[in-house]
Amino acid sequence: LVKLRDNKIPYLLLDKFHDFKKINTVKIDYEKEEYELTKYLYEQGHENIAYVTLKEHNYLTDIKIKGYEKFVNENNLKSIIIEADGKNSDDGYNIGEEVISQAKSENVSAISFYNDQTAVGFISYCYDNNIKIPEDYSVAGFGNFEISRVYRPKLTTVSIPNYDIGAIGIRALIKRIRGEEDILENDWVLDAQLIERDSTKKH
């Protein structure tokens with residue numbers, strides 16, 4: 001970034017979960033969207049909601065945890081956070097036993113995952129161990145990756161407006177290249193969309 005700036009090369013960061021100061025981007029509000037996802041699960045009747053994040057914390061993991069904890073604290077719920085070793089489906093599968101153990105001891109009925117991949121891996125673990133989703137546990141992911149639409153049960157998730165992020169970003173970059181007015185004087189924050197599918201149900 002310093003080299004780009006020093007060589008006066010026009011550039012743009014797209015939704016890269018950064019916390020750099022004075023570098024504006026096109027993104028979604030991850031704290032708000034995780035808050036809204038937790039709220040949705042609560043409104044489905046789930047009062048004990050676990051959140052599965054990454055063991056290796058970064059700016060994005062912390063922001064999403066903040067959204068989850070903000071909702072549970074506002075509603076006097078218990079914060080139940082479980083850490084997975086990574087963010088792919090194998091990591092979701094490998095943490096299955098720990099998640100189920102926690103869920104039983106904390107009377108959890110809904111589990112929200114850092115992303116779709118870990119959520120699908122966990123659902124696969126449940127299938128192999130005769131645990132039914134969503135009958136036994138409601139499961140939600142984040143990202144609306146293709147796997148969330150083709151896996152069974154189809155995954156409830158948060159859809160990131162990637163096309164719109166790209167379109168606005170390219171428009172801003174072209175304006176910078178041409179030396180025109182910068183449309184990113186502040187972060188351009190877009191709304192994500194909650195996609196309700198088969199992996200969650202009313203409790």
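Residues numbered from 1 in each chain as written. Predicted model: local features only at pLDDT ≥ 70, side-chain atom pairs only at ≥ 80, totals over all residues. Heavy atoms only, no water.

In terms of helices and strands, the protein chain carries 8 helices and 9 strands. Its C-alpha atoms put the protein chain at 60 × 35 × 30 Å along the principal axes. Looking at the protein chain alone, contacts between residues at least 24 apart form 72% of all its contacts between residues at least 6 apart. In the structure as shown, the protein chain presents an accessible area of about 11,200 Å², 45% of it carried by carbon and sulfur atoms. Put simply, the protein chain has 27 plus and 35 minus side-chain charges, and the middle of one group is 5 Å from the middle of the other. (Helix = DSSP H or I, 4+ residues; strand = E, 2+ residues; numbered from the N terminus. Contact = heavy atoms within 4.5 Å. Areas by Shrake-Rupley, 256 points an atom, 1.4 Å probe, with all protein chains shown as cover. Lys, Arg positive; Asp, Glu negative; His and termini not counted. Charge placed at Lys NZ, Arg CZ, Asp CG, Glu CD.)

With that settled, consider the pattern of salt bridges. If the charged atoms of two oppositely charged side chains come close together, the side chains can form a pair. Under the criterion given, the structure shown has 8 salt bridges. For Lys-32, the salt bridge goes to Asp-191, with nearest N and O atoms at 3.4 Å. In this pair, Lys-32 sits in helix H2 (residues 30–43) while Asp-191 sits in the loop between strand E8 (188–190) and strand E9 (193–195), placing the two residues 159 residues apart along the sequence. On the basis of relative accessibility, which here comes to 35%, the residue Lys-32 falls in the partly exposed class. Assessed through its relative accessible area of 59%, Asp-191 is described here as exposed. One salt-bridge network, in which partners are shared between bridges, spans Lys-32, Glu-33 and Asp-191. (Salt bridge = Lys/Arg side-chain N within 4 Å of Asp/Glu carboxyl O. Buried < 20%, exposed > 50% of the residue type's maximum accessible area, 1.4 Å probe, protein only.)

Mapped onto the elements, Tyr-11 comes out in the loop between helix H1 (2–6) and strand E1 (13–14). Tyr-11 sits 10 residues away from Leu-1 along the chain, and the two C-alpha atoms are 8.7 Å apart. Those residues in contact with Tyr-11 that lie beyond four places of it in its chain are Leu-1, Leu-4, Arg-5, Ile-23, Leu-173 and Arg-176.

This next bit is on the packing of H2 against helix H3 (residues 59–74). The N-to-C vectors of H2 and H3 enclose an angle of 40°; their axes lie 7 Å apart at closest approach. The angle between the axes of H2 and H3 places the two elements in the oblique class. Crossing geometry of H2 relative to H3 is assigned as right-handed. Here H2 contributes Tyr-30, Glu-31, Glu-34, Tyr-35, Thr-38, Lys-39 and Tyr-42 to the contact with H3, which in turn contributes Leu-60, Ile-63, Lys-64, Lys-66, Gly-67, Tyr-68, Lys-70, Phe-71, Val-72 and Glu-74. Among the residues making up the contact of H2 with H3, the classes are represented as 8 nonpolar, 2 polar and 7 charged. (Axes fitted to C-alpha atoms, helices over the stretch in contact; angles between N-to-C directions. Parallel < 35°, antiparallel > 145°, perpendicular 65-115°, else oblique. Left-handed = near helix turned anticlockwise from the far one by under 90°. Nonpolar A, V, L, I, M, F, W, Y, C, P; charged D, E, K, R; others polar.)

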